[in-house]
Amino acid sequence: MKMYTISDAVCCLHADIETTDLFEGIWPIPRGVSLNTYLVRGEKIALIDLFCDWTNAAAQIREGLSSTGADFGVVDYLILNHLEPDHTGWLREFRALNPRAEIIATAKGINLVKSFYGIEEGLRAVKDGEVLDLGGGVSLSFFETPNIHWPETMVTWEPNSGTLFSCDAFGSFGALGDRVFDDAFSPEEHDFFEGETLRYYANIVSSFSAFVERGVQKLAGLDIRCVAPSHGIVWRRDPRRIMDRYLRYASYARDGGEREIAVVWGSMYGNTRQGLDAVIRGIEAEGVPHSIHRVPDENVSWVLADVYKSAGLVIAMPSYEYAMFPPMAYALDIFRRKHITGKTVLRIGSRGWAGGAKKEYDAAVEGLKWTHTEALEWAGAPTAADLTALEERGRELARIIKG
Ligand code: FEO
């Protein structure tokens, strides 16, 4: 059964998406993702956020809905906090089943209903702070929270249960199975979801970190007793835990991240790897936590998560045809698009002919406000002197990160 009671008036319905499809067409979700929707009952009935029909999501939600004695036809208001198609892809099908429900979103959201789905009737744009009375003492309020994750985004608030329907905000990757509430998961399962929350944040939300901080600040006056996102765990025991986690992640965009080092490397024949091993010896000698990611072997989704989190980076790659090692060029392009700013960075690598990685690298990271320690390139295999210098470069970076 995929129906979970939050209060007399509010329940969660969810679909687990387990697919080889990529989230947003980019990010792997090997452990799935959940699409959560919420039913709120007063005298009128509201459904908050929809879904796309990945892996039979419609049937999963319908099963949860029917267990409450409802179906899509009884919905009076469909509230769309955010129009990205993972939450709205089934809108035309919903409309065919229920032509009378009023579709509610911000004014920008209503424009997207029209442009994505060609629906022109039965739409209502709500303003920041507007209240929708469902009757029977139940009401919903809407607060604009632009750019968490798209410009049209809002959150919905149900004051009796203190539930914040936050859509993408406070969400994560990871399928939920037959539980949704934070108090139903073991510490080990929470560890898993913490990792998937960071990856989700870095992949989807990180560019909008200033808006996350602004949004949380805006909602500070609400007595939030349940955080109900549209991806991942519903936080009724400790809603502050996920909000604080998001605020910590948002702070990385301002202060560079945790006192850790993410090593991102690629090597053609092992010469860059040999030099990198010396750098890692230096980092380990200083006792700074570090993660190691080889491109292209590891998908950039996971690389991005640790790079976003870490104040220090090592970028290790050979020159390739007078330019950067292509998989590193792709990773750096993703970092640039995701505004991965404020890092302290050591770049190293082997060159075969005349080099060339540096010129392309400098252009790729321009504008990211990265502080570079002294780079080291060498011809072919690193000499003993190179290895000594590389180990010292690793120590130097680690000492800076330790502070
Ligand atoms: Fe889950 Fe931005 O959509």
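What counts, and where the lines are drawn
Residues numbered from 1 in each chain as written. Predicted model: local features only at pLDDT ≥ 70, side-chain atom pairs only at ≥ 80, totals over all residues. Heavy atoms only, no water. Helix = DSSP H or I, 4+ residues; strand = E, 2+ residues; numbered from the N terminus. Expected span 1.5 Å × (residues − 1). Buried < 20%, exposed > 50% of the residue type's maximum accessible area, 1.4 Å probe, protein only. Contact = heavy atoms within 4.5 Å. Domains from an automatic or database assignment. Buried area = accessible area lost by both parts, 1.4 Å probe. Salt bridge = Lys/Arg side-chain N within 4 Å of Asp/Glu carboxyl O. Pairing = 2+ DSSP bridges. Right-handed = clockwise from strand over helix to strand, strands pointing away. Disulfide = S-S within 2.5 Å. Axes fitted to C-alpha atoms, helices over the stretch in contact; angles between N-to-C directions. Phe/Tyr/Trp six-rings, centres within 6.5 Å; stacked < 30°, edge-to-face > 60°. Lys NZ or Arg CZ within 6 Å of the ring centre and 35° of its normal.

This brings us to helix α7 (residues 271-285). For α7, which comprises 15 residues, the first-to-last C-alpha distance of 22 Å matches the rise-based estimate of 21 Å (1.5 Å per residue) to within 8%. Looking only at α7, the buried set comprises T272, G275, L276, A278, V279, I280, G282 and I283. Those residues of α7 that are buried are in contact with β13 (258-265), β14 (290-294), β15 (310-316), β18 (344-351), β20 (376-379) and α11 (384-402). Of the residues one or two after α7, G287 is the one with positive phi, at around 70 degrees.

Once that is clear, we can look at the domain arrangement of the protein. Often, the extent of an interface is quoted as the loss of accessible area upon association of its parts. According to the domain assignment, the protein consists of domain 1 (3-254) and domain 2 (256-402). Each of domain 1 and domain 2 was reduced to a C-alpha centroid, and the two centroids are 38 Å apart. Of the residues lining the interface, 19 residues belong to domain 1; the matching set on domain 2 comes to 16 residues. Regarding the contact of domain 1 and domain 2, the summed buried area is about 1,400 Å², with carbon and sulfur atoms giving 59% of it. Summed over the shared surface of domain 1 and domain 2, the result is one salt bridge.

Here we take up the pairing of strand β4 (residues 45-48). A two-sided burial pattern is seen for β4, the buried positions comprising I45 and L47 on one face and A46 and I48 on the other. Both strand β3 (residues 33-41) and β4 contribute to a ladder of four bridges, which runs antiparallel. Its bridge partner being in β4, L39 is matched across the sheet by L47. For the crossover that starts at β4, traverses helix α1 (residues 57-66) and ends in the parallel strand β5 (residues 77-79), the hand is right-handed.

Right, let's get into the pattern of salt bridges. Using the criterion set out here, one finds 27 salt bridges in the structure. Note that R124 is salt-bridged to E102, the shortest N-O span being 3.0 Å. With a gap of 22 residues between them, R124 in strand β7 (residues 123-125) and E102 in strand β6 (residues 102-105) connect regions that are remote in the sequence. Salt bridges here are not isolated pairs; linked through shared partners, they connect E286, E392, R395, R399 and K402.

A complete count under the given rule lists zero disulfides for this structure. Lacking any disulfide linkage, C12 is separated from the closest cysteine sulfur, that of C11, by 7.6 Å. Free of any disulfide, C167 has its nearest cysteine sulfur in C52, 12 Å distant.

Across the sheet, which stays open at both edges, the seven strands sit in the order β1-β2-β3-β4-β5-β6-β7 with mixed pairing between neighbours. Both outer strands of the open sheet, β1 (3-5) and β7, are each paired with one neighbouring strand and no more. Across the sheet, the mean angle separating the axes of adjacent strands is 25 degrees when strand polarity is ignored. Its contacts with the sheet place α1 against β1, β2 (10-17) and β3, and it is angled at close to 155 degrees to β2. Lying over the sheet, helix α3 (residues 107-117) contacts β6 and β7, oriented at roughly 155 degrees with respect to β7.

Residues S291 and H293 point to one face of β14 and are all buried, whereas H290, I292 and R294, pointing to the other face, are not buried. Looking at chain direction, β13 and β14 are connected through five bridges and run parallel. From the neighbouring strand, V263 faces β14, where its bridge partner is I292.

Here the amide bond leading from V295 into P296 is cis, since omega sits at 5 degrees, within 30 degrees of zero. Note that P296 resides in the loop between β14 and α8 (300-309). Here N147, not a glycine, exhibits a phi torsion of approximately 70 degrees, which is positive. Taking relative accessible area as the criterion, N147 reaches 16% and is therefore assigned buried. Positive phi outside glycine occurs at Y322, with the angle close to 65 degrees. Relative to the elements of secondary structure, Y322 occurs in the loop between β16 (319-320) and β17 (323-324).

Applying the stated criterion across every chain yields a total of 21 aromatic pairs. Residues F173 and Y200 carry aromatic rings whose centres are separated by 5.3 Å and whose planes lie at 90 degrees to one another, so their mutual orientation is edge-to-face. Note that F173 is positioned in the loop between β11 (163-167) and α4 (187-205) and Y200 in helix α4, a separation of 27 residues in sequence. Residues F173 and Y200 agree in their burial class; the two are buried. Lying over the aromatic face of F181, R236 brings its terminal NZ or CZ to 3.7 Å of the ring centre. Stacked on the ring of W265, the Lys or Arg R273 has its end atom at 4.7 Å from the ring centre.

Mapped onto the fold, T20 is located in the loop between β2 and β3. Judged by relative accessible area, T20 falls into the exposed class, the value being 78%. On a C-alpha basis, the gap between T20 and G32 in space is 8.8 Å, while along the polypeptide they are 12 residues apart.

Another aspect to go through is the sheet that holds strand β12 (residues 226-229). Sheet strands line up and pair through hydrogen bonds in the backbone, either parallel or antiparallel. Spatially, the five strands line up as an open sheet ordered β8-β9-β10-β11-β12, and their pairing is mixed. Every other strand in the sheet has two partners, leaving β8 (131-135) and β12 as the edge strands with one partner each. On average, each strand axis in the sheet is inclined to that of its neighbour by 20 degrees, with strand direction left out of account. Bridge count for β8 against strand β9 (residues 138-144) is four bridges, and the pairing is antiparallel. The residue bridging V131 from the neighbouring strand is S141, located in β9.

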